[in-house]
Amino acid sequence: MKKLVILTGAGMSAESGISTFRDSGGLWEQYPVEQVATPEGYAANPKLVIDFYNARRKELQHVKPNRGHELIAGLEKHFDVTVITQNVDNLHERAGSHHVIHLHGELDKVTSSREPNNPKYIKTLKPEEWEVKMGDLAGDGSQLRPFIVWFGEAVPMIETAIEYAERADIFVIIGTSLNVYPAAGLLYYVPSDVPVYLIDPKEVAIASGRKVHVIRKGASEGMEELKNMLLNEPD
Ligand code: APR
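The name recorded for the chain in an unreviewed UniProt entry is NAD-dependent protein deacylase, from Phocaeicola salanitronis. You can read under Function (unreviewed entry) in the UniProt record for the chain the words "NAD-dependent lysine deacetylase and desuccinylase that specifically removes acetyl and succinyl groups on target proteins. Modulates the activities of several proteins which are inactive in their acylated form." In the Subcellular location (unreviewed entry) part of its UniProt record, the chain is described as follows: "Cytoplasm".

See the structure below:
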């Protein structure tokens with residue numbers, strides 16, 4: 001089976017009702033990045049940050065995967081699919097995707113404030129456990145914090161993601177403005193003879209000047225079109 005690697009961003013979950021970051025009215029308009037998505041912001045006001053992610057985690061209970069997530073999961077019948085996502089929601093998994101690499105962490109997980117990437121301290125919250133409080137402690141006695149990669153923090157999964165990008169037979173980009181590195185740099189590791197598709201209703205600047213098949217549509221419609229293209233392609 002051909003290896004299909006799909007890099008997704010916030011636009012992938014837009015049709016599920018989760019706001020993107022940089023679209024007008026996006027998340028960062030309401031909550032400045034510095035305050036809620038940096039280690040400095042967390043150190044300055046941990047409760048504000050804990051509450052910000054509590055609100056996003058609670059929202060997860062009321063949203064569900066969209067057609068685009070489902071179509072991606074369905075492609076596992078035809079391809080060896082790896083999803084590399086910048087999203088911290090679990091909608092790819094809930095749609096049935098079996099191999100999802102989260103570059104920026106996962107909303108339904110919490111961890112130690114002292115050693116956030118120590119697997120010993122990473123805990124998965126049940127949906128009903130959505131609310132983390134100040135005073136809830138990790139195994140090492142530090143405050144439980146979101147298992148999210150904040151700006152300026154290491155992206156432990158990037159090496160794994162690069163290996164998949166290097167071995168892709170087909171590379172697809174859906175719903176990301178490619179503003180944030182190292183995720184945005186994955187395209188550079190895709191061999192030059194590998195076809196690249198990009199699904200986004202807006203124009204996305206591709207720095208590398210690489211030839212990309214653009215599908216100027218939303219994730220669900222775009223995935224319908226891409227599925228037809230990929231399944232009708234001569235092997
Ligand atoms: N379908 C597909 N794409 C869409 C849709 C849709 N229905 N609606 C919007 N988009 C596109 C936008 O045009 C934009 O290109 O999704 C993209 C969203 O871009 P951003 O808001 O910048 O989100 P993302 O690229 O995922 O941000 C990367 O930055 O904010 C940090 O850590 C955060 O993971 C995030 C990272």
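Peer 1: I'd love a proper account of the layout of surface pockets, names of residues and values included.
Peer 2: Looking at the largest pocket, its volume works out to about 920 Å³. In this structure, the largest pocket is lined by 49 residues; those nearest its centre are Gly9, Ala10, Phe21, Arg22 and Asn87. Within the residue set of the lining of the largest pocket, elements represented by two or more residues are helix H1 (11-14), helix H2 (27-30) and helix H5 (46-60). Looking at the lining of the largest pocket, the element that brings in the most residues is H5, giving 4 residues.

Peer 1: Tell me about empty space enclosed by the protein, and name the residues and values.
Peer 2: It is the rolling of a water-molecule-sized probe over the atoms that shows where space remains empty. In total, this model carries 1 cavity of 30 Å³ or more according to the counting rule given. In this model, the largest cavity occupies a volume close to 40 Å³. Lining the largest cavity, in full, are Leu60, Val88, Asp89, Asn90, Glu93, His102, Glu106, Leu107 and Asp108. Of all the elements, strand S4 (residues 105-112) adds the most residues to the lining of the largest cavity, at 3 residues. Broken down by class, the residue content of the lining of the largest cavity amounts to 3 nonpolar, 2 polar and 4 charged.

Peer 1: Help me get a handle on the site of the ligand, residues and values and all.
Peer 2: Ala10, Arg22, Thr176, Ser177 and Asp200 are the nearest of the 22 residues found near the ligand. One nitrogen or oxygen atom from the side chain of Trp28 is found 2.9 Å from an oxygen atom belonging to the ligand. Separating an oxygen atom of the ligand from a side-chain N or O atom of Asp200 is a distance of 2.7 Å. For the ligand, whose free accessible area comes to 730 Å², the fraction covered by protein is 92%. When atoms are counted within 2 Å of each cavity's grid points, the one that captures over half of the ligand is the largest pocket. The residue inventory of the shell around the ligand, partitioned by class, reads 8 nonpolar, 9 polar and 5 charged.

Peer 1: Any details on the pattern of salt bridges? Residues and values, ideally.
Peer 2: By the definition in use, this model includes 10 salt bridges. Here Arg67 makes a salt bridge to Glu70, at a shortest N to O gap of 3.9 Å. With Arg67 and Glu70 both in helix H6 (residues 67-74), this residue pair falls 3 residues apart, about one helical turn. Given a relative accessible area of 40%, Arg67 falls into the partly exposed group. Accessibility expressed as a relative area gives 39% for Glu70, which makes it partly exposed. Close ionic contact of Arg145 with Glu153 constitutes a salt bridge, the shortest N to O distance being 2.9 Å. Note on Glu153: relative accessible area 22%, which makes it partly exposed. Each member of the salt-bridge network shares a partner with another, and the members are Arg67, Glu70 and Glu224.

How each quantity is defined
- Residues numbered from 1 in each chain as written.
- Predicted model: local features only at pLDDT ≥ 70, side-chain atom pairs only at ≥ 80, totals over all residues.
- Heavy atoms only, no water.
- UniProt positions renumbered as here; feature names shortened; annotations may be inferred.
- 1 Å grid on protein atoms, 1.4 Å probe; cavity = no way out; pocket = protein on both sides within 12 Å on 5 of 7 lines; lining within 4 Å.
- Points joined across faces, edges and corners; volume = space filled by probe spheres on them.
- Helix = DSSP H or I, 4+ residues; strand = E, 2+ residues; numbered from the N terminus.
- Nonpolar A, V, L, I, M, F, W, Y, C, P; charged D, E, K, R; others polar.
- Near = heavy atom within 4 Å.
- Polar contact = N/O pair within 3.5 Å; in protein donor to acceptor, adjacent residues only side chain to side chain.
- Areas by Shrake-Rupley, 256 points an atom, 1.4 Å probe, with all protein chains shown as cover.
- Sits in = over half its atoms within 2 Å of the grid points.
- Salt bridge = Lys/Arg side-chain N within 4 Å of Asp/Glu carboxyl O.
- Buried < 20%, exposed > 50% of the residue type's maximum accessible area, 1.4 Å probe, protein only.

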